[in-house]
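Here is what each chain is made of, one letter per residue.
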Amino acid sequence: MNKSAVIFDLDGVIVSTDEYHYQAWKHISEQEGIPFNREINEKLRGVSRMESLEIILSNSTKSYSESEKLLLAEKKNEIYRELLNHLSEKDILPGVRELILNLKGRGIKIAIGSSSKNTPFILEKIGMASSFDAIADGNGIKNSKPDPEVFLLAAQKLGVRPEECIVMEDAEAGIEAAIAGGMVAVGVGAASTYQNTHIGVEDLTKLNIEQLFEIKESSR
Amino acid sequence: MIQVESKYAHLKTKPFFLSDKDIQWIEVTLHSMSLREKVGQLFCPIGSSDNEEELTRFIEEFKPGGIMYRPNEGAKIQETHRLLQSLSPVPLLISANLEAGGNGIATDGTYFGKQLQVAATDNEDMARKLGVVAGREGRAVGCNWAFAPVVDIDMNYQNPITNVRTFGSNPERVAKMGKAYMEGLSESGVAAAVKHFPGDGVDDRDHHLLSSVNSLSPEEWDQTFGMVYKEMIEANAKSIMIGHIKLPHYSRKLVPSIQDEEIMPATLAPELLNDLLRNQLGFNGLIITDATPMLGFTVSEKREIAVPKAIASGCDMFLFNRDIREDYEFMMKGIETGILSVERVDEAVTRILALKLSIGLHNQKIDGTIVPGQEALSVLQSDEHKKWASECADQSVTLVKDTQKLLPISPNKYKRIRLNILGDHSGGLKEGASVTDSFLEALQKEGFEVDLFDNSKVNFKELLMSVHALKEKYDLVLYVANLETASNQTTVRIDWMQPLNVNAPWFVNEIPTMFISVANPYHLQDVPMIKTYINAYSSNEFVVQSVIDKITGRSEFKGTSPVDAYCGKWDTRL
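Residues numbered from 1 in each chain as written. Chains lettered and ligands numbered in written order. Predicted model: local features only at pLDDT ≥ 70, side-chain atom pairs only at ≥ 80, totals over all residues. Heavy atoms only, no water.

**Things to note about the sheet that holds strand β2 (residues 109-113) of chain A**
Residues and elements named next belong to chain A.
Then, in step 1: Across the sheet, which stays open at both edges, the six strands sit in the order β3-β2-β1-β4-β5-β6 with parallel pairing between neighbours. Since the sheet does not close on itself, it has two edges, and those belong to β3 (134-136) and β6 (199-201), each with one partner. Within the sheet, the average angular offset between the axes of one strand and its neighbour, ignoring direction, is 20°.
Then, in step 2: Summarising the sheet, β2 and β3 pair through three bridges and their orientation is parallel. (Pairing = 2+ DSSP bridges. Helix = DSSP H or I, 4+ residues; strand = E, 2+ residues; numbered from the N terminus. Axes fitted to C-alpha atoms, helices over the stretch in contact; angles between N-to-C directions.)

Right under this line is the structure:
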């Protein structure tokens, strides 16, 4: 099957807001007196907001009601969104622009497939609100990655079949989601060495696009 | 194959009339180009070098679709054009402002005459000859694209930029002469870029300095500019240049919800380019912006957005740059951020390639005739062209008024002439010639004694001269104004010398006074008191000679005013 579309995860592939997540969780943890550090933060990669909160709260001696948890998660998101205001096009990760131009030049459709509900806001901040042919994000899905829902929605919005899609992901959960959706999975950064990826690259500047389109043909 | 047919079917019709083979070439060429190469085609930069090494690097880096040079010596410019074509993988559109003749690209080409001068002959064939001269001489040095004819309508005598560049204020004459020029031009295989849509000449301001406004109602526009463009399109205009001019009432008609702040100059107004020019007027040729360093463009939108938006809005080609490297990156970024789609780029490049094919550049490149050999330069200022220019001058010089019955003049009656020259400065982007010496010499040759007013220093003696002393010294005062229309100035009015307007005509009741303009035809607004007034429209040698022939009575005045030389004022007629 010829590939006609590329779906990008947002955070960690197009732009990195890791630091802002870290700062926001740190603020919440300090306020609640829960131990938190970068090591714990690593465990939150690619995980939904509520699940992240559960991981943090597992280090707490106190127990939280469901409504308290929702409030904390909401508070974290407020801080995070406030920090996101600092985002600008300078935060677009290396290799993204060239890759997008290259794909557009080849007539390949491009989409965002992200669990984040902040997707439209982030894209606006980095000046890429109109760059993509379709956007599937946390506002349109029920199940987070590794469920393939968000990628399948992206493919549907593009009007292509799942097997025509290549996914760019930085999280293991995302790689699994792509595979579950019947798509080719390219692991970027943290996910580059993950065993289930079809191809892994340190960052997008290292991606050989000619090779990308050849490899997946022969590997399937 | 059926799909291909439909996608490119429009290229088989007006104005490109391509064959299936041509279309195949376009398809193959387009598919072989990278996105960067396609983006290169969108640009028509200004040429600034004739150095082989620099040009090689330039073409290699940007692979532009076209280029334009400012006028230079014919042999030199031809050599540069030849080099550029040999370096460029896809043949280049090479343009020039051939508005007044071959002098628009070759300094040794024929300065045939300004369009307004041609209009004053009221002879369509003269417009055709202007086109023939522009085409032959432009082609001789390697141009294949003329940024002409100007089909602006000079409705506002205060406009500082249209003026002598137009075929006047009558829409029918503008259309008739525009078509005749284009017909003459195309004899040499040079494509016309009709300008400046949606039409300059209504405002009294210049779109080089701000985004100017064509304030006509949709009905008025349809009957005037709309009619002119419709005729030009029907006559196979291959390209149209877009001014940085707003057409607010039409924009609102097409987009009723548009806010005043959202109304853009045509270069950035999709409703004017797509709905009006493409759909309503049926234009299927290439659309190019006017120069984009002009303020009319730069003040309308951040450049980073404006560059891709011009193409997204419907322009196929982007003229000049502030910094080509920056503009190129802005274009790429616009594609990346979604302001400009790749499909739109493909459509624009298709038209660019189609224009090139339709004037045979692809085949010329193969035969090596894309820039002719040095022998072709002999057509510059050929005897035939000079003869035609002389005929044009003879038919155009216009006696606007002579209510004091001064003419003709002879050395017997008016031996001693005080000659006052106004303007006549060279420099800037003015392309006309200087007339001081030629008038001085021609008058002396007729037997007049000429005393030239010295504009370079304050003349206190002159300032305090008595009526008696003046009459003792001179028999006639002659003003010759060469205040040229040029871009980037707010007016083309007379500025008298200070202090105390020392060179102004305070003496019209003391001594016979005559005024001749070899440029702006509207000076009567500032010299209504002068009773003998002549418009000659151009500053070339043919006009100077013709004016002398007319004022001495050897030849009669044959020109008719193509504009209201009285500027709508009653006192100017007296």
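**Focus on the state of the cysteines**
Then, in step 1: Inspection of every chain in the model, using the stated rule, returns zero disulfides over all chains.
Then, in step 2: Summary of cysteine pairing: Cys315 of chain B is not part of a disulfide, and the nearest cysteine sulfur, belonging to Cys44 of chain B, is at 13 Å. (Disulfide = S-S within 2.5 Å.)

**Some thoughts on the side chain of Lys3 of chain A**
Then, in step 1: Looking at where Lys3 of chain A falls in the secondary structure, it is placed in the segment before β1 (5-8).
Then, in step 2: Here Glu163 of chain A takes part through its backbone oxygen, which lies 2.6 Å from a polar atom of the side chain of Lys3 of chain A. (Polar contact = N/O pair within 3.5 Å; in protein donor to acceptor, adjacent residues only side chain to side chain.)

**Here's the deal with the layout of surface pockets**
Then, in step 1: Of the pockets and cavities examined, the largest pocket occupies roughly 980 Å³.
Then, in step 2: Only α1 (18-32), α2 (38-42), α3 (49-57), α4 (66-84) and α8 (172-180) of chain A provide two or more residues apiece to the lining of the largest pocket.
Then, in step 3: With six residues, the top contributor of residues to the lining of the largest pocket is α4 of chain A.
Then, in step 4: Across the lining of the largest pocket, the residue classes tally to 13 nonpolar, 15 polar and 15 charged.
Then, in step 5: Lining the lining of the largest pocket are residues from two domains, each supplying at least three of them: domain 1 (5-15 + 92-219) and domain 2 (18-84) of chain A.
Then, in step 6: Space inside the second largest pocket adds up to approximately 780 Å³.
Then, in step 7: Looking at the second largest pocket, it is lined by 35 residues, and the ones nearest its centre are Lys104, Gly105, Arg106 and Gly107 of chain A together with Val342 of chain B.
Then, in step 8: The leading source of residues in the lining of the second largest pocket is helix α5 (residues 96-105) of chain A, at seven residues.
Then, in step 9: Looking at the lining of the second largest pocket residue by residue, the class counts come to twelve nonpolar, nine polar and 14 charged. (1 Å grid on protein atoms, 1.4 Å probe; cavity = no way out; pocket = protein on both sides within 12 Å on 5 of 7 lines; lining within 4 Å. Points joined across faces, edges and corners; volume = space filled by probe spheres on them. Nonpolar A, V, L, I, M, F, W, Y, C, P; charged D, E, K, R; others polar. Domains from an automatic or database assignment.)

**Focus: the pairing of strand β5 (residues 184-188) of chain A**
All names here are of chain A.
Then, in step 1: Burial of β5 is extensive: five of the five residues sit out of reach of the surface.
Then, in step 2: Covered by surrounding structure in β5 are Val184, Val186 and Val188 together with Ala185 and Gly187, the residues of both alternating faces.
Then, in step 3: The sheet contact formed by strand β4 (residues 165-169) and β5 spans four bridges and is parallel. Across the sheet, the residue bridging to Val167 is Ala185, located in β5. (Buried < 20%, exposed > 50% of the residue type's maximum accessible area, 1.4 Å probe, protein only.)

**Thoughts on the domain arrangement of chain B**
Residue and element names in this part refer to chain B.
Then, in step 1: For chain B, the assigned domains are domain 1 (18-370) and domain 2 (397-573).
Then, in step 2: Spacing between the C-alpha centres of domain 1 and domain 2 amounts to 36 Å.
Then, in step 3: With 32 residues of domain 1 in contact, the opposing surface of domain 2 contributes 34 residues.
Then, in step 4: For the pair domain 1 and domain 2, the summed buried surface comes to about 2400 Å²; carbon and sulfur atoms form 54% of the total.
Then, in step 5: Inspection of the domain 1/domain 2 interface yields one salt bridge.
Then, in step 6: For Glu484, the salt bridge goes to Lys114, with nearest N and O atoms at 3.5 Å.
Then, in step 7: At the boundary of domain 1 with domain 2, the tally comes to twelve residue pairs in polar contact (both at pLDDT 80 or more). (Contact = heavy atoms within 4.5 Å. Buried area = accessible area lost by both parts, 1.4 Å probe. Salt bridge = Lys/Arg side-chain N within 4 Å of Asp/Glu carboxyl O.)

**Some thoughts on empty space enclosed by the protein**
One water molecule sets the probe size; rolling that probe over the atoms shows where empty space is left.
All names here are of chain B.
Then, in step 1: Within this structure, the stated rule accounts for one cavity of 30 Å³ or more.
Then, in step 2: Around the largest cavity, the lining residues are Arg418, Asn420, Glu462, Leu470, Val502, Asn503 and Phe507.
Then, in step 3: Partitioned by chemical class, the residues of the lining of the largest cavity number three nonpolar, two polar and two charged.

**Some remarks on α4 of chain A**
Residues and elements named next belong to chain A.
Then, in step 1: In this model, α4 (19 residues) spans 27 Å end to end at C-alpha, consistent with the 27 Å of a helix rising 1.5 Å per residue.
Then, in step 2: Among all positions in α4, only Lys69, Leu72, Ala73, Lys76, Asn77, Ile79, Tyr80 and Leu84 are buried. One face of α4 carries all of its buried residues, which in axial projection span an arc of 165°. In α4, the exposed positions angled more than 90 degrees off the buried face are occupied by Ser67, Leu70, Leu71 and Glu82.
Then, in step 3: For α4, the secondary structure elements touched by its buried residues are α1, α3 and α6 (119-125). (Expected span 1.5 Å × (residues − 1). Arc of directions from axis to C-beta.)

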